[in-house]
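# An overview of the molecular structure
Take a look at the letters that make up each chain.
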Amino acid sequence: MNIVVEKLPKCVATLRVEIPADKVQGEREQIVKGYASKARVPGFRPGKAPRAVVEKRFQKEIAEELNGALINEAYDEALKQESLHVLDFGVPEDVTTHPNGSITFISKLTLAPQVTVPEYKGVSVTVPPAAVPDEEIEAQLTALQERFADFNTIEGRAAAMGDFAVIDYTSTVEGKPTEEFLGKPAGYLTGREGFWVRLDEKAFLPGFAGQLVGMNAEDSREITITLPEDFPVSELANKEIVFQTALKELKEAILPALDDEMANRLAPGKTMADIKEIIRENMAGERDRKISDMKANQTVAHFNAQVDFELPEELITQETQSQADAMVKRGVQSGMTEGEIESQQNEIFASAGQQALSNLRTNFILQEIARIEKITVSDSELINHLAQIANQRKVAPKKFIKDMQRAGRIQNIRSSMAIGKTIDFLVEHANVVESAETPIND
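Residues numbered from 1 in each chain as written. Predicted model: local features only at pLDDT ≥ 70, side-chain atom pairs only at ≥ 80, totals over all residues. Heavy atoms only, no water.

This part covers the environment of Ile106. In this fold, Ile106 is placed in strand 5 (residues 103–111). Sequence separation of Ile106 and Glu93 is 13 residues, and the distance between their C-alpha atoms is 5.2 Å. Residue contacts for Ile106: discarding those within four places in its chain leaves Thr14, Leu15, Arg16, Val91, Pro92, Glu93 and Asp94. (Helix = DSSP H or I, 4+ residues; strand = E, 2+ residues; numbered from the N terminus. Contact = heavy atoms within 4.5 Å.)

Written out as structure tokens, the structure is:
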């Protein structure tokens, strides 16, 4: 075989193959013999039909099998000859049988990127201490109180920080209704009626709650906010938005006492001491998970910052779409309307594109480290993992594994497991520093 590989930018290569006539004829001979020995042709016993009859009757099938066998052999030869790591061989093009009996074709290959990883043992990561701070326990207890709070209407005084305001509002940007200014739905920015907002600087939009201070029930006020540079709706970044706001009611929260009576409401038969211990255990488990994630994320970020390489455009496109679909799904689950999602379409795809690049780069880096360290996933590990997933989904393991095989997802699952083991390896060999100044990631 005459094989020529032309490597191009962006992890693409053009494969040109010429298969000589004697190779084609030899392969065809073997395929025809196979058909002749098994073919069932009316009027002849199985395997006894004349060769010419068999060739004519199964002409299409023989040609397809011949081309398939020769093309696959050419791919294998190209892998050996050029030491290629091919992600996708593409679809053969210009498959031509020449008068002399030779066959030629061209194929566009997608190659794995060339990754050179730096020293990967001893990466420094900084995380908060494992012990749950007392103030976080207290914050959880306060949240429980607020969950069971009663609300009284405030009369005879103006709004103050810490109160709850029930408001109606609409908004404008540069004198136009926000939706008109944007030319698309603006979601919660457009306006709401009977909207509850706590007078807290972290509530709603920064700077909004503070401007409600001093208002009385039935008062109206224009509240002007300058939206930040990184506001999710890019058309509104750094813009002033004016809210025409009417205060309908003012409420104050009456918190219940943190006593055994409240504990019994939460979990019959439990004391407040029991509740505090349950909270501490749950928070400790969640904190451990977050710290583990922080170690993994910092380790991966370390390599992403140091290693750069080209990525296949097709993979970037596929991963970007996958990330965008996932973002839209999360948005729908969180209550976003179709209009709100559409209004943020550009921002969603921009964010999805960045995440796609990060994900792909991370995967290739980790795959290379796994190759160097010979980190693999055994068949027993894979089967046990699949069985666990099946049990969680309450599906028979054998059926679940067969379904995964039919869907072609087994190799992807094995690869994901190998990447997980590689991250564990890197974290195990990382230089972990605990610092009380490091915030826990949400």
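Among the surface-exposed residues, Asp260, Asp274, Glu277 and Glu281 lie close enough to one another that they form a single negatively charged patch. If one sorts the elements of the negative patch by residue count, helix 7 (residues 272–306) sits on top with three residues. Following the sequence through the fold, Glu281 ends up in helix 7. (Patch = residues over 30% accessible without salt bridge, like charges linked within 9 Å, V, L, I, M, F, W, Y side chains within 5 Å. Areas by Shrake-Rupley, 256 points an atom, 1.4 Å probe, with all protein chains shown as cover. Salt bridge = Lys/Arg side-chain N within 4 Å of Asp/Glu carboxyl O. Lys, Arg positive; Asp, Glu negative; His and termini not counted. Charge placed at Lys NZ, Arg CZ, Asp CG, Glu CD.)

One pass over the full model with this rule turns up 18 salt bridges. Residue Arg289 is joined to Asp293 by a salt bridge in which the shortest nitrogen-to-oxygen separation is 2.9 Å. Of the two residues, Arg289 and Asp293 are both situated in helix 7; the distance of four residues between them amounts to about one turn of the helix. Accessibility expressed as a relative area gives 42% for Arg289, which makes it partly exposed. Note on Asp293: relative accessible area 35%, which makes it partly exposed. Residues Glu368 and Arg371 are paired through a salt bridge, measuring 2.7 Å at the closest nitrogen-oxygen approach. Note that Glu368 and Arg371 are positioned in helix 10 (residues 345–373) at a spacing of three residues, about one turn of the helix. Judged by relative accessible area, Arg371 falls into the exposed class, the value being 54%. Each of Glu286, Arg289 and Asp293 takes part in one network of salt bridges that share partners. (Buried < 20%, exposed > 50% of the residue type's maximum accessible area, 1.4 Å probe, protein only.)

Nonpolar side chains in soluble globular proteins generally cluster together in the buried interior. Counting residues in each nonpolar core, the largest one holds 27 residues, and the members touching the most others are Leu15, Val17, Phe105 and Leu109. Where this core is concerned, the elements lending two or more residues are strand 1 (2–8), strand 2 (12–19), helix 1 (21–38), helix 3 (59–82) and strand 5. In terms of residue count, helix 3 provides more of this core than any other element does, seven residues in total. Leave out the neighbours within four places in its chain, and Phe105 touches Leu15, Arg16, Val17, Ile19, Ile71, Ala74, Tyr75, Pro92, Glu93, Asp94 and Val95. Ile167, Val173, Leu199 and Phe231 belong to the second-largest nonpolar core, a separate cluster that totals 26 residues. (Core = buried A, V, L, I, M, F, W, Y, C linked by side-chain atoms within 4.5 Å.)

This brings us to the packing of helix 7 against helix 13 (residues 410–428). Orientation of helix 7 relative to helix 13, taken along the N-to-C sense of each, is 90°, at an axis distance of 10 Å. With respect to helix 13, the axis of helix 7 lies roughly perpendicular. Contacts between helix 7 and helix 13 involve Lys295, Ala296, Thr299 and Phe303 from the former and Ile423, Leu426 and Val427 from the latter. Its residues assigned to classes, the contact of helix 7 with helix 13 shows five nonpolar, one polar and one charged. (Axes fitted to C-alpha atoms, helices over the stretch in contact; angles between N-to-C directions. Parallel < 35°, antiparallel > 145°, perpendicular 65-115°, else oblique. Nonpolar A, V, L, I, M, F, W, Y, C, P; charged D, E, K, R; others polar.)

In this section: the packing of aromatic side chains. Under the defined criterion, the tally for this structure stands at 14 aromatic pairs. Note on Tyr169 and Phe243: the rings are 5.7 Å apart at their centroids and 75° apart in plane angle, and the pair reads as edge-to-face. Of this pair, Tyr169 sits in strand 8 (residues 164–173) while Phe243 is found in strand 12 (residues 240–254), placing the two residues 74 residues apart along the sequence. With a relative accessible area of 0%, Phe243 lands in the buried category. Here a set of aromatic residues connected by ring pairs shows up, and it is made of Tyr169, Tyr188, Phe195, Phe204, Phe208 and Phe243. For Arg361, the ring lying beneath its charged end belongs to Phe309, and the centroid distance is 5.8 Å. (Phe/Tyr/Trp six-rings, centres within 6.5 Å; stacked < 30°, edge-to-face > 60°. Lys NZ or Arg CZ within 6 Å of the ring centre and 35° of its normal.)

Positive phi outside glycine occurs at Lys10, with the angle close to 60°. In this structure, Lys10 sits in the loop between strand 1 and strand 2. Residue class for Lys10 comes out partly exposed when judged on its relative accessible area of 39%. Located in the positive-phi region is Asp94, a residue other than glycine, with phi close to 55°. Mapped onto the elements, Asp94 comes out in strand 4 (residues 93–97).

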